[in-house]
Amino acid sequence: MKATRFLAAVALFAVFSVQAAEKLSIAATAVPHAEILEFIKPDLKKQGVDLEIKVFTDYVQPNVQVSQSGMDANFFQHQPYLTEFNDGRGTSLVSVVGVHVEPFGAYSSKIKSLDDLKDGDTVAIPNDPTNGGRALLLLQKAGLIKLKDSSKITATPRDIAENPKNLDFYELEAATLPRILDQVELAMINTNYALEAGLNPNEDALIIEGSDSPYVNILVSREDNKDSEAMQKLAEALTSDAVKGYIEENYKGAVVPAF
């Protein structure tokens, strides 16, 4: 009889524990963000955090959803993009922790080297201010252009002071850039979208940022929930030795831990 009561108590405790798990919804782009989140999900479950991951294919809705309390957090962007978004949309989203860097690269299906670019060739860059500026800064570093302000992170093609090869710039949504590689001579692509398209940044990029890139991808939330216990457990899990090992093993330098 005592054994039966004990087993019943254990079963009741287990049910209560499941019910007590706190749900935490997070918006993420597929690669590598959602993959990293899926990796830590089982461990968070053991800590009482039920992580719900929703994959997005754009850079706008994840912030909209969090700012409107449709989701608790997101994981896809760097601080310059977040700052630009907050300023432009009147939101007040905040960074919780920095996780990794995705070195930005230049890709082509038509040329093998930047030296092969000809007069008037086309170059596609992201149409959002920070990633577009990031692309132009990388092209400046490669010696292809010169900007009026050599350090402006929100530069656009209008800020180009020197363009010796008269390159023709197209500004397109970042997610579409891998799909138009056969239509332009060069495309400047964020690593998450490059990986999704089956590109290997270390082998396929004609030029790529170094590991010292300032564009660290961050976990983002609202002011009202950034210090919650569940959010802090998520932040700790994202910056654990296990995640560092997972990133290094699975992305081979295409994604670099920033902690």
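Structure report, in brief.

Quick notes on the rules
Residues numbered from 1 in each chain as written. Predicted model: local features only at pLDDT ≥ 70, side-chain atom pairs only at ≥ 80, totals over all residues. Heavy atoms only, no water. Axes fitted to C-alpha atoms, helices over the stretch in contact; angles between N-to-C directions. Helix = DSSP H or I, 4+ residues; strand = E, 2+ residues; numbered from the N terminus. Parallel < 35°, antiparallel > 145°, perpendicular 65-115°, else oblique. Left-handed = near helix turned anticlockwise from the far one by under 90°. Contact = heavy atoms within 4.5 Å. Nonpolar A, V, L, I, M, F, W, Y, C, P; charged D, E, K, R; others polar. Pairing = 2+ DSSP bridges. Phe/Tyr/Trp six-rings, centres within 6.5 Å; stacked < 30°, edge-to-face > 60°. Buried < 20%, exposed > 50% of the residue type's maximum accessible area, 1.4 Å probe, protein only.

### A look at the packing of helix α2 (residues 30–46) against helix α9 (residues 241–251)
- Packing of α2 against α9 leaves a shortest axis separation of 11 Å and a crossing angle of 135 degrees. Considered as vectors, α2 and α9 are oriented oblique to each other. For the element pair α2 and α9, the recorded crossing hand is right-handed. Residue-level contacts link V31, P32, E35, I36, F39 and I40 of α2 to A242, V243, Y246, I247 and Y251 of α9.
- The residue inventory of the contact of α2 with α9, partitioned by class, reads 10 nonpolar, no polar and one charged.

### What about the sheet that holds strand β2 (residues 49–56)?
- One open sheet holds the six strands; their spatial order is β2-β1-β3-β12-β4-β13, and the pairing between them is mixed. Edge strands, defined here as strands with exactly one partner in the open sheet, are β2 and β13 (256–257).
- Pairing analysis gives two bridges linking strand β4 (residues 94–101) to β13, with the strands arranged antiparallel. Paired with V101 across the bridge in β13 is V256.

### A short note on the packing of aromatic side chains
- Evaluated as defined, the whole model comprises seven aromatic pairs.
- Where F39 meets Y246, the ring centres are 4.4 Å apart and the plane angle is 20 degrees; that geometry is what we call stacked. Taken together, the residues F39 in helix α2 and Y246 in helix α9 connect sequence positions 207 residues apart.
- A relative accessible area of 36% means that F39 is categorised as partly exposed.
- An aromatic cluster is built from Y59, F76, Y81, F85 and Y193, whose rings are joined through pairwise contacts.

### Things to note about the sheet that holds strand β5 (residues 105–107)
- Strand order across the open sheet formed by five strands is β9-β6-β10-β5-β11, with mixed pairing between neighbours. At either end of the open sheet lies a strand with only one pairing partner, and these are β9 (168–172) and β11 (207–208).
- Of the strand pairs in this sheet, β5 and strand β10 (residues 186–189) are connected by three bridges, and their pairing is antiparallel. Opposite G105, over in β10, you have I189 as the bridge partner.
- Of the strands in this sheet, β5, β6 (122–126), β9, β10 and β11 touch helix α5 (residues 129–141), which is tilted by about 135 degrees from β6.

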